[in-house]
Amino acid sequence: MAKLEILTYPDERLKQESVPVEVFDEELRGFLADLEETMRAGPGGVGIAAPQVGRFARIVLVDCSVTRKPVPNHGFMVLINPEITEWDGMKVGREGCMSVPDYTGNVIRAERITFSAFDGDGVRHEYQCEGFEARAVQHECDHLDGMLFLDRLVSRRNDLFRRKVYQK
Amino acid sequence: MQHWYMLTLVGKDRPGIVAHLSAALFDGGCNLGEASMMRLGGNFTIMLMVEFDGNTHALQQMVASVAESMGLHLHLDRINAQLHKHLEPDVRITVYGADKAGIVARITGALAEAGLHILDMDSSVAGTADKPIYIMQIEGHAAEGVDSLQSALNVVAEKGIEAHLEAIDTMIG
Ligand SMILES: [Zn+2]
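So, here is what we can say about the structure in this document. What you see is a predicted model; the values in this text were computed from it and never measured. (Residues numbered from 1 in each chain as written. Chains lettered and ligands numbered in written order. Predicted model: local features only at pLDDT ≥ 70, side-chain atom pairs only at ≥ 80, totals over all residues. Heavy atoms only, no water.)

Section: the pairing of strand β6 (residues 116-127) of chain B
Residue and element names in this part refer to chain B.
1) Next: Relative to strand β7 (residues 132-142), β6 is paired through eleven bridges, and the arrangement is antiparallel. Bridging from a neighbouring strand, G127 pairs with P132 of β7.
2) Next: Counted along the chain from β6 to the antiparallel partner β7, the turn is four residues long. (Pairing = 2+ DSSP bridges. Helix = DSSP H or I, 4+ residues; strand = E, 2+ residues; numbered from the N terminus.)

Written as structure tokens, this is what we have:
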């Protein structure tokens, strides 16, 4: 296993779209181990996407079992070729990114999502996530389309009251 | 030798001030850092970090004519700039109510004692002239934990004043 180097914006490669994985082999599983090590080395990181380490394949890892305050979670998830199929509810939350050091901002995400993805052995699974974990999955899936949380920032000023009114 | 300055400008608001000001600073060889512009009670206010290769007097002279042309008061301080060292807030507090006399001092005082370091605060007077409401939003760092702040809020909040606290759990991915 080896810790990989994380690309940081303004590296233009972070804005490029990644391609689906077609071969589920030992090389892929070796990469997944390196990617996991890289995610765990980042301070407070609960997710990582392959393009963040310069591999432009649709691979995402998420692990929300390690947060300071416990949140509902599925433990460690390997998500290959993830497809979000349902979005429900909206919530403003604060995000940061290992590829954007020294900045956090407010982003609106769906509160609950349904999605499918393949694991490292090429087996397809269905998932339903909510809250913090759903936010992590959406943030990482954005990386696969060349999107950063900076593309989705909302004003810190207008989220608080509106959210409470409209969300009932 | 480059130095950082904090430039503060206050005056009557009108469209185009930021564009005009930043063009003048750029033309004068300044580099801009972090900035916060707000319209407070119809007044234009901005605080702007400016990096400049010269002394306070030279920068003052350069900005003075621009400020004057837009009817803005100018204040300049040499500062020690800490870039790339943002403190991250972990708590957000919202306070609102009909009456504001003494409320801000009492609530922020109690919160400070309970370990709150305010990183960002803004407040508005909304509603109507005969029924004004006061709304304050604070983001900060809870040095002694969020529970300590909640206990402090429970003690100082009173009838007619709503005070809400929520933890900010930043997702890093
Ligand atoms: Zn990210």
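Points about the sheet that holds β7(B)
Residues and elements named next belong to chain B.
1) Next: Read from one edge to the other, the open sheet built from four strands follows the order β6-β7-β5-β8, with strand pairing classed as antiparallel. With partners counted over all chains shown, the strands left at the sheet margins are β6 and β8 (161-167), one partner each. Within this sheet the neighbouring strands show an average axis-to-axis angle of 15 degrees, counted without direction.
2) Next: Examined bridge by bridge, strand β5 (residues 91-97) and β7 share seven bridges and lie antiparallel to one another. Among the inter-strand pairings, R92 is bridged to a residue of β7, identified as E139.
3) Next: Across the sheet, helix α3 (residues 103-113) is in contact with β5, β6, β7 and β8; its angle to β7 comes to roughly 15 degrees. (Axes fitted to C-alpha atoms, helices over the stretch in contact; angles between N-to-C directions. Contact = heavy atoms within 4.5 Å.)

Here's the deal with the pattern of salt bridges
Opposite charge on two side chains lets them pair, provided their charged atoms get close.
1) Next: One pass over the structure, following the stated rule, counts 21 salt bridges over all chains.
2) Next: Residue A:R29 pairs with A:D121 through a salt bridge whose shortest N-O separation is 3.5 Å. With A:R29 in helix α1 (residues 26-41) and A:D121 in the loop between β4 (100-118) and β5 (124-130), this pair connects stretches of sequence that are 92 residues apart.
3) Next: The class of A:D121 is exposed, set by a relative accessible area of 55%.
4) Next: Of the charged contacts, one joins B:R39 and B:D13 as a salt bridge, the two residues approaching to 2.5 Å between their closest N and O atoms. A residue pair is termed long-range when its members are at least 10 positions apart, and B:R39 in strand β2 (residues 31-40) and B:D13 in the loop between β1 (3-12) and α1 (17-27) qualify at 26 residues.
5) Next: Taking the relative accessible area as the measure of exposure, B:D13 reaches 19% and is therefore buried.
6) Next: It is possible to trace a salt-bridge network through shared partners that takes in A:R94, B:E88, B:R92, B:E139 and B:E166. (Salt bridge = Lys/Arg side-chain N within 4 Å of Asp/Glu carboxyl O. Buried < 20%, exposed > 50% of the residue type's maximum accessible area, 1.4 Å probe, protein only.)

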